[in-house]
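Listed here are the chains, written in short residue letters.
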Amino acid sequence: TKRVAIFISGGGSNMLKLLESMQGDHPARPCVVLSNQPEAGGLERAAARGVPTEVVRHQPFGDDREGFEHAVMGVLVPYAPDIICLAGFMRKLTAGFVDRWQGRMLNIHPSLLPKYKGLHTHRRALAAGDRAHGCTVHEVTAALDDGPILGQARVPVEPGDTEASLAARVLAQEHRLYPMVLERFAQGDRRPILLP
Ligand code: GAR
């Protein structure tokens, strides 16, 4: 059974879907949920499900990303994770950290990569007049929101959509896609999943 660490910064709705999926004959189990934000709502939701939680604040480290990541490693290693799932984790990771977890770290991003790396993806898709939008799960490499694509889910952009309505439509697909990709990834299957 693979051990999965989930990194969050916020509400953790994707994290919750991953936790719910890792039951029964699933090839993985959660070992820890780690947040860089002490007030992340997802921490309570994970604890309520009996999953250990940890907080490593980035703020005291200022620009010292490696110092922050060293602290993260110190907290993480005792849980012996095989896989890290980034789920709304809003810190860029250095090449050094990414390299240590190369091939074992996944991220979900709210766009159809390679479009709209970075922030404000829904706003940018609306501004561009895109008819389709969606989300991507990919392996994390040193470049931001890059790396081999493991799954994508597509949604239509509807007339009258706002950033919020579009984000909600995409998030519902994130909740389907990420558990599907993790289950296959934990079995060593990296063939991309395309939804719907
Ligand atoms: C999700 O939409 C995720 O794709 C996005 O943040 C949200 C987190 O929601 N991630 C990024 O923007 C990464 N740069 P959640 O905390 O409810 O899962």
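The protein appears in an unreviewed UniProt entry as Phosphoribosylglycinamide formyltransferase from Roseobacter sinensis. UniProt, in the comment section headed Sequence similarities (unreviewed entry), describes the protein in these words: "Belongs to the GART family." Its UniProt record gives the protein the following Function (unreviewed entry) comment, quoted word for word: "Catalyzes the transfer of a formyl group from 10-formyltetrahydrofolate to 5-phospho-ribosyl-glycinamide (GAR), producing 5-phospho-ribosyl-N-formylglycinamide (FGAR) and tetrahydrofolate."

Trainee: Please provide a residue-by-residue account of the side chain of Asp189, values included.
Mentor: In this fold, Asp189 is placed in the loop between helix 6 (163–186) and strand 8 (193–195). Among the polar contacts listed, one links the side chain of Asp189 to the side chain of Arg191, at a separation of 2.8 Å.

Trainee: Report on the UniProt feature "binding site: N(1)-(5-phospho-beta-D-ribosyl)glycinamide" (unreviewed entry) in the protein, specifying residues and quantitative values.
Mentor: Taking the UniProt record as the reference, the feature "binding site: N(1)-(5-phospho-beta-D-ribosyl)glycinamide" (unreviewed entry) is found at Gly12, Ser13 and Asn14. Leaving out residues up to four positions away in the same chain, Gly12 has contacts with Gly42 and Arg45. Looking at where Asn14 falls in the secondary structure, it is placed in helix 1 (residues 13–21). Contact partners of Asn14, with chain neighbours within four places excluded, come to Ala87, Ile108, Leu171, Glu174, His175 and Tyr178.

Trainee: Can you tell me about the UniProt feature "active site" (unreviewed entry) in the protein, naming the residues and giving the values?
Mentor: In the numbering adopted here, UniProt assigns the feature "active site" (unreviewed entry) to His109. Topologically, His109 is positioned in strand 5 (residues 105–109). Classification of His109 by relative accessible area gives buried; the value is 4%. Other than its neighbours up to four places away in sequence, His109 contacts Tyr116, Lys117, Gly118, Thr121, Cys135, Thr136 and Asp145.

Trainee: Describe in detail the nonpolar core, supporting the description with residues and values.
Mentor: Counting 35 residues, the largest nonpolar core has Ile6, Cys85 and Leu106 as the members making the most contacts within it. Residue contributions to this core peak at eight residues, all from helix 6. Setting aside chain neighbours within four positions, we find Cys85 in contact with Val4, Ala5, Ile6, Phe7, Leu18, Leu106, Tyr178 and Leu182. Judged by nonpolar contacts, the second largest core, of 20 residues, contains Cys31, Val56, Leu86 and Val140.

Trainee: Kindly report on helix 2 (residues 41–48), identifying the contributing residues and their values.
Mentor: In an α-helix, one turn spans 3.6 residues, which is why side chains three or four residues apart end up on the same side. Along helix 2, the residues that are buried comprise Gly42, Leu43 and Ala46. An end-on view of helix 2 places all buried positions within 105 degrees of arc, on one side of the element. Opposite its buried face, helix 2 presents the exposed residues Glu44 and Ala48, each directed more than 90 degrees away. Elements in contact with the buried residues of helix 2: strand 1 (2–8), helix 1, strand 2 (28–35) and strand 3 (53–55). Positioned one or two residues after helix 2, Gly50 has a phi angle of 80 degrees, which is positive.

Trainee: Which residues make up the site of the ligand, and what values do they have?
Mentor: In the region of the ligand, the neighbouring residues are Gly11, Gly12, Ser13, Asn14, Gly88, Met90, Ile108, Pro110, Leu171 and Glu174. The separation between an oxygen atom of the ligand and a polar main-chain atom of Gly12 is 2.8 Å. In this structure, an oxygen atom belonging to the ligand sits 2.6 Å away from a side-chain N or O atom of Ser13. Relative to its free-state accessible area of 450 Å², the ligand is covered by the protein chains to the extent of 80%. Elements supplying a minimum of two residues to the shell around the ligand: helix 1 and helix 6. Of the residues assigned to the shell around the ligand, the class counts are four nonpolar, five polar and one charged.

Thresholds applied
- Residues numbered from 1 in each chain as written.
- Predicted model: local features only at pLDDT ≥ 70, side-chain atom pairs only at ≥ 80, totals over all residues.
- Heavy atoms only, no water.
- UniProt positions renumbered as here; feature names shortened; annotations may be inferred.
- Helix = DSSP H or I, 4+ residues; strand = E, 2+ residues; numbered from the N terminus.
- Polar contact = N/O pair within 3.5 Å; in protein donor to acceptor, adjacent residues only side chain to side chain.
- Contact = heavy atoms within 4.5 Å.
- Buried < 20%, exposed > 50% of the residue type's maximum accessible area, 1.4 Å probe, protein only.
- Core = buried A, V, L, I, M, F, W, Y, C linked by side-chain atoms within 4.5 Å.
- Arc of directions from axis to C-beta.
- Near = heavy atom within 4 Å.
- Areas by Shrake-Rupley, 256 points an atom, 1.4 Å probe, with all protein chains shown as cover.
- Nonpolar A, V, L, I, M, F, W, Y, C, P; charged D, E, K, R; others polar.

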